[in-house]
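Spelled out from the first residue to the last, the chains are:
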Amino acid sequence: MKDNLPPIITAENLTAGYQENTVWQNASFAIEHGEFVAIIGPNGSGKTTLFRLLLGLQQPIRGNIKVFNARPKRGNEHIGYVPQRHVIDADTTLESLELVRLGFSGNKWGLNPFSRNDHQIAFDALKAVGAEDLAHRSLGGLSGGELQRVFLAEALVSNPHLLLLDEPLSNLDIRREQELVQVIHNVVRSRDVTALLIAHNINPLLPVLDKVIYIANGRVAIGKPDEVLTSEALSALYGVQVEVLRGSRGQIAVIGTEENQHHYD
Ligand SMILES: Nc1ncnc2c1ncn2[C@@H]1O[C@H](COP(=O)(O)OP(=O)(O)OP(=O)(O)O)[C@@H](O)[C@H]1O
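Residues numbered from 1 in each chain as written. Predicted model: local features only at pLDDT ≥ 70, side-chain atom pairs only at ≥ 80, totals over all residues.

Is there a simple way to explain the overall build of the protein chain in this structure?
A tally of helices and strands in the protein chain yields eight helices and eleven strands. Its C-alpha atoms give the protein chain a radius of gyration of 19 Å, near enough to 18 Å, the size a compact globule of 265 residues would have. Taken over the C-alpha atoms alone, the protein chain extends approximately 55 × 40 × 40 Å along its principal axes. With 265 residues in all, the protein chain has 37% of them scored as buried. Intrachain contacts of the protein chain at a sequence separation of at least 6 include 62% that bridge at least 24 residues. (Helix = DSSP H or I, 4+ residues; strand = E, 2+ residues; numbered from the N terminus. Rg over C-alpha atoms; globule rule 2.2 N^0.38 Å. Buried ≥ 20, exposed ≤ 12 C-beta atoms within 10 Å, placed from the backbone. Contact = placed C-beta atoms within 7 Å.)

This is the structure we're talking about:
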């Protein structure tokens, strides 16, 4: 976090949803420069909806949201976005380096041909996530963890100030999960990037997080992990009694919400 810089994101009384369907309401928060923020909450609570607002893909129902002190706009090259990914076909022959080169916004829209410089920048992005060995591997032959690194490199190639990562840790084993968290943390610190990461399990992220945004029951809570991940704060958010249990290494389990049990690792 840096002093004297305006927040990267500000939300004021923000209400989000689709047509008549309000997903969550009255969220007010600020994300500061260089913060690493996890967004957690049950399925369908509206985590991706927050990303859609930040990307300018949908408008608030009420209230205001600003990114870089302006209304969000589509195609903002200062935002690196890694959407939720599903299975890549094993026959996919596109090489990692080619995918990363597609991360240049101009190339995405076919505006300019690849240059040698693009090649170097794409390679550097792979290097930044420890994936330079994967440069000439076909995407179809990569494991889930390897693919996540390549997608992260693709998002980094335009040198974004803000990274939005939608469930990058899903389907990774505990070791790969921890490795990827470290990679993302290093990127946030070394490239001076602000990162928002949607996750279903907070535990692998706890050592590196600055803030948590917890979305549940149509409401949004935000603060430092120790402030938000308490029985009192989550009970108020859900409107029913919820217990937050801590393990010996500080791990968290949330008990009492049928749809949202975070277990110890
Ligand atoms: N394009 C859409 N039109 C109408 N409703 C939508 C649309 N996209 C999402 N929704 C609804 O908005 C709510 C929030 O969806 P969202 O994808 O933001 O949840 P999420 O917290 O990211 O879920 P998950 O953890 O399952 O990925 C859900 O009830 C979903 O069905």
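I'm lost on the site of the ligand in this one. Help?
Taken together, the neighbourhood of the ligand is formed by Y18, N21, V23, G41, N43, G44, S45, G46, K47, T48 and T49. Contributing elements (two or more residues each) for the shell around the ligand: β2 (21–31) and α1 (47–54). In terms of residues, the shell around the ligand owes the most to one element, α1, which gives three residues. Looking at the shell around the ligand residue by residue, the classes come out as two nonpolar, eight polar and one charged. (Near = placed C-beta within 6 Å. Nonpolar A, V, L, I, M, F, W, Y, C, P; charged D, E, K, R; others polar.)

Help me out: how do you make sense of the domain arrangement of the protein chain in this one?
Buried accessible area, meaning the area lost when the parts come together, often serves as the stated size of an interface. Taken as a whole, the protein chain is organised into domain 1 (1–78 + 160–240) and domain 2 (89–159). Distance between the C-alpha centres of domain 1 and domain 2: 25 Å. Contacts between the two partners involve twelve residues from domain 1 and, on the opposite side, 13 residues from domain 2. Broken down by element, the side of domain 1 that touches domain 2 gets its largest block of residues, five residues, from helix α6 (residues 174–190). Residues of the side of domain 1 that touches domain 2, tallied by class, amount to eight nonpolar, two polar and two charged. (Domains from an automatic or database assignment.)

What is the right way to read the sheet that holds strand β9 (residues 219–223) from this model?
Strand pairing in a sheet is mediated by backbone hydrogen bonds. Such pairs are either parallel or antiparallel. Spatial ordering of the open sheet is given by β5-β6-β7-β3-β8-β9, a layout of six strands whose pairing is mixed. Of all the strands in the sheet, the pair left with one neighbour each is β5 (79–82) and β9. The sheet shows a mean angle of 15° between the axes of neighbouring strands, taken without regard to direction. Pairing between strand β3 (residues 36–40) and strand β7 (residues 194–198): four bridges, direction parallel. Within the sheet, the bridge partner assigned to A38 lies in β7 and is L197. The strands touched by helix α8 (residues 231–238) are β8 (211–216) and β9; relative to β8, the strand with the most contacts, the crossing angle is about 35°. (Pairing = 2+ DSSP bridges. Axes fitted to C-alpha atoms, helices over the stretch in contact; angles between N-to-C directions.)

Is there a simple way to explain the sheet that holds β2 in this structure?
The sheet built from three strands is open, its strands ordered β2-β1-β4 with antiparallel pairing. The open sheet is flanked by β2 and β4 (62–67), the only strands paired with a single partner. The sheet shows a mean angle of 30° between the axes of neighbouring strands, direction not considered. Of the pairings in the sheet, the one linking strand β1 (residues 9–18) to β4 comprises five bridges and is antiparallel in character. Along β4, the bridge assignment pairs T15 with R62.

Quick question: what am I supposed to make of the nonpolar core here?
As a rule of thumb, soluble globular proteins bury nonpolar side chains together. Counting 74 residues, the largest nonpolar core has A38, I39, A153, A195 and Y214 as its most contacted members. Per-element tally for this core: the top contributor is helix α5 (residues 144–156), with seven residues. Two domains each provide a minimum of three residues to this core, namely domain 1 (1–78 + 160–240) and domain 2 (89–159). (Core = buried A, V, L, I, M, F, W, Y, C linked by C-beta atoms within 7 Å.)

What is the right way to look at unusual backbone geometry in this model?
Negative phi values dominate among residues other than glycine, just as trans dominates among peptide bonds. Although it is not a glycine, E167 sits at a positive phi angle of roughly 55°. Here E167 is to be found in the loop between β6 (162–166) and α6. A tally of 18 C-beta atoms within 10 Å means that E167 is categorised as partly exposed. In this structure, N217 takes a positive phi of about 60° despite not being glycine.

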